[in-house]
Amino acid sequence: MQPLLIELGTEELPVKALHALAQAFFDGVIDGLHKRGIAFERDGAKPLYTPRRLAVLLPGVAGEQPEQKSEVLGPYLNIALDAEGQPTKALQGFAAKAGIEWTALEKTSDAKGERFVHRAVKPGVRTAALLGEIVREAIAAMPIPKPMRWGANEYAFARPVHWLVLLLGSDVVDAQVLGVRGDRMSRGHRFMHDKPVWFSTPGDYVESLRGAKVLVDPDERRARIAAEVEAAARAAGGTARIDAGILEEVNGLTEWPKAVACSFEPEFLAVPQEALIATMETNQKFFPVLDADGKLSEHFVGIANIESQDEAEVRKGYERVIRPRFADAKFFFVEDMKQGLASMNEGLKTVTYQAKLGTVADKVARVAALAERVAQAVGVDPVLARRAAELSKADLQSRLVNEFPELQGIAGRYYAAVANEPIALANALDEAYMPRFAGDAIAPSALGQVLAIAERLDTLAGGFAAGLRPTGNKDPFALRRNALGLARTLLEGGHDVLLHALVEAAVALQPVSHPELSALDITQFVYDRLRGYYTEQGVPAAQFDAVLNVVHESLPDFDARLRAIGEFGKLPEAAALAAANKRSRNILRKVEGAVPTSVDAALLSEPAERELAAAVDEAVADTDALLDARDYVAVLGRLARLRPQVDAFFDSVMVNADDAAVRNNRLALLQRLSDRLGSVAAIEQLAT
């Protein structure tokens, strides 16, 4: 085996797509080798890339394919030969296509009979002869939404291609890709080593490029960026805020990263730090430096793609570029404070929320009514909850949020604090948007949770009322995300309130109706989001459905039942009791008329039914208090002890006895048993 190097040199590739492009190129080459049966080693191999290159470096690749065996099935004998045993046109055509005489064909048999077959063995093709095709296939399969053309060429790629390194061992592979012929010459850093880089073998690749001021290993580059940023932050007396997404973007923008410590005027720290951080990270890809209390300091770190001989000029450039944005943020913040939340709130009356649902002010009024109701249900001050809801959208009219939309709620928190609103209320204006994204925590405070619940209830009910229920990939009001946020807040917040009742209240407040505007439909929509939530936690769908199909008082109650049935499923008795309850339900479902509500002990004639009746009585007595206490694990554990009596009953007792009184009495016993077995969850759904 020989090492293989493929490097595709380009103009700067789109940073947000860079990792995906590199991975796709690597996977495409691996797949191409695999499909052709070419053996290779990939221990430690991974996509290598910088903004100007995509590379595949494999430690070992076979020099040629193994022998290529083929088997082509031909016509069956009854079709291939005539009555005299001579070849028909079908057989003659098959043989001609194979390029041999029909007498040289072999025979094989399958379920339909005997047939002709052409088997052939061809020597393997040299790997070098196949590499051009493999690379072209890998490029064609890459996810490039908007490929570019350059010059008068017919081909296209993410960016114009300028060079191609194609080495198998020490030999250059003679192949052409995207108009560029394979070579052993790459290029170094655009400014620090603007000259060709020559590789004698693929093993020279990483070190030779490092000497040319290019770190082609993205993991090494990423680690250097993080280390240099952290060191610069420590030198400034703070700690770096390193957002993983920003780190990855900077990694995709540099070939030779170098940290540059910078600062700005401390007077800008009067602006909400989230606005300053957003500007530094999102717009400029800088890394903020935090002080010992975790607050933003006047320091930040930029990453240059060069070791400048005059770093002070680079620093000045970085500091200069953020100053106008900071000045704008400061101006907006000061002007917003002059305006005040009350004035901002008035402006909401002129802003349309949705054509059928009125203005944003109308939405705020609905959310305020819901917040008051939810607060009463969960033990939060309803007056404070209403006040918080009434101010919850005021910052949408602020200049700061108009410039930085991601500061919704955050800006409101600052303005409420400046207006001397209670700190709990100010924090709730920010927390109402939580969880903001997948994996984010719910609002930490009870008031914030109330506001989050009320906001999402109205959004869901309004979305359904306006006929905006999600279909396929379309979800303009983010109703799926809102449904999961609502469910998680109720569940993780431990709010023991009936979801359906809250949804009904939200539906009643909507200004319009729609055929899909059903509280039951919306409630089911929320539970559908919970299905995925629990699937990610490893909860089987059968267990989820088993709990969904019984009456539960709240989402925390639903969760407790779900956890309990998960423990029940581990018991050795679980499968048998689930099957027994399924059998009981099926029997009871077929009964015409009402089943008696009580069991008459005098009609219990068989030992097994008497034993089961006594065992059920004891189980009911033992589990009544446990059900009231919602100790569902203990309930199911106690019911599991019924298995011997249940098994004996079904083995020896005929439920549908000829005597109507006996039959009805046994049905009553089954009903009592089934009701208690299903008191936590529909365990029959666990039966396979």
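All of the points below concern the structure found in this document.

Within strand β1 (residues 2-10), seven of the nine residues are buried, which leaves the element mostly enclosed by the surrounding structure. As judged from the seven bridges shared by β1 and strand β8 (residues 161-168), these two strands associate in the antiparallel manner. Directly across from L5, in β8, lies its bridge partner L167.

All right, on to the pairing of β8 then. Of all eight residues in β8, seven are buried; the element is thus mostly enclosed. As paired strands, β8 and strand β9 (residues 171-172) are joined by two bridges and run antiparallel to one another. By the bridge assignment, L167 is partnered in β9 with V172.

The strand order across the open sheet formed by four strands is β14-β16-β17-β15, and the pairing between neighbours is antiparallel. One side of each edge strand has no neighbouring strand; the edge strands of this open sheet are β14 (239-240) and β15 (258-263). With six bridges connecting them, β15 and strand β17 (residues 296-304) associate as antiparallel partners. Considered in β17, the bridge of V260 is made with G302. Strands β16 (287-290) and β17 of the sheet are contacted by helix α8 (residues 273-283), whose axis makes an angle of about 5° with β17.

With that out of the way, let us pick up the environment of A90. Within the element layout of this structure, A90 appears in helix α3 (residues 89-98). As a C-alpha pair, A90 and A625 span 535 residues in sequence and 81 Å in three-dimensional space. Setting aside residues up to four positions removed in sequence, A90 forms contacts with P75 and I79.

Looking now at the side chain of R52. Turning to its location among the elements, R52 is positioned in the loop between β3 (48-50) and β4 (53-61). Among buried Asp, Glu, Lys and Arg side chains, R52 stands out as unpaired, with E255 the closest opposite charge at 4.0 Å. Of the polar contacts made by the side chain of R52, one reaches the backbone oxygen of G188; its length is 3.0 Å. In contact with R52, other than residues within four places in its own chain, are L8, G9, T10, E11, E12, W163, R187, G188, H189, R190 and E255.

It is at 13 Å that the axes of helix α19 (residues 519-535) and helix α21 (residues 555-568) come closest, and there the two elements cross at 40°. By the angle between their axes, α19 is oblique relative to α21. Crossing angle aside, the handedness with which α19 passes α21 is right-handed. Residues Y527, L530 and Y534 of α19 lie in contact with α21, whose contacting residues are L555, F558, D559, L562 and R563. Its residues assigned to classes, the contact of α19 with α21 comprises six nonpolar, no polar and two charged.

With that out of the way, let us pick up the environment of P218. When you line up the elements, P218 lands in helix α6 (residues 218-235). Judged by its relative accessible area of 4%, P218 is buried. Between the C-alpha atoms of P218 and H189, which are 29 residues apart in sequence, the distance is 15 Å. Among residues more than four places away in sequence, those in contact with P218 are P47, L48, Y49 and N251.

Next up on the list: the pattern of salt bridges. Within this structure, the stated rule accounts for 53 salt bridges. Notably, a salt bridge pairs R315 with E311, separated by 3.2 Å at the nearest N-O pair. Of this pair, R315 and E311 both sit in helix α9 (residues 311-339), four residues apart, roughly one helical turn. A residue is classified by how much of its surface remains accessible, and R315, at 25% relative accessible area, is partly exposed. A salt bridge links R585 to E684, with the shortest nitrogen-to-oxygen separation between them at 3.7 Å. Of this pair, R585 sits in helix α22 (residues 574-589) while E684 sits in the segment after α26 (660-677), and the two are 99 residues apart along the sequence. We classify E684 as buried; its relative accessible area is 17%. Put simply, D31, K35, R36, E133 and E137 are held in one network by salt bridges that share partners.

Here we come to a nonpolar patch on the surface. A grouping of V334, M337 and V418 is seen on the molecular surface, where their side chains present a nonpolar patch of about 200 Å² in accessible area. With respect to the helices and strands, V334 occurs in helix α9.

Taken together, three strands build an open sheet; the order of strands is β5-β7-β6 and the sheet is antiparallel. Two strands close off the open sheet at either side, each with one partner strand: β5 (68-76) and β6 (106-110). Sheet twist, expressed as the average angle between the axes of neighbouring strands with direction ignored, equals 40°. Two elements, β5 and strand β7 (residues 113-122), share seven bridges in a ladder whose sense is antiparallel. Following the sheet pairing, L73 is matched in β7 by V117.

Cut-offs applied
Residues numbered from 1 in each chain as written. Predicted model: local features only at pLDDT ≥ 70, side-chain atom pairs only at ≥ 80, totals over all residues. Heavy atoms only, no water. Buried < 20%, exposed > 50% of the residue type's maximum accessible area, 1.4 Å probe, protein only. Helix = DSSP H or I, 4+ residues; strand = E, 2+ residues; numbered from the N terminus. Pairing = 2+ DSSP bridges. Contact = heavy atoms within 4.5 Å. Axes fitted to C-alpha atoms, helices over the stretch in contact; angles between N-to-C directions. Lys, Arg positive; Asp, Glu negative; His and termini not counted. Salt bridge = Lys/Arg side-chain N within 4 Å of Asp/Glu carboxyl O. Polar contact = N/O pair within 3.5 Å; in protein donor to acceptor, adjacent residues only side chain to side chain. Parallel < 35°, antiparallel > 145°, perpendicular 65-115°, else oblique. Left-handed = near helix turned anticlockwise from the far one by under 90°. Nonpolar A, V, L, I, M, F, W, Y, C, P; charged D, E, K, R; others polar. Patch = residues over 30% accessible without salt bridge, like charges linked within 9 Å, V, L, I, M, F, W, Y side chains within 5 Å. Areas by Shrake-Rupley, 256 points an atom, 1.4 Å probe, with all protein chains shown as cover.

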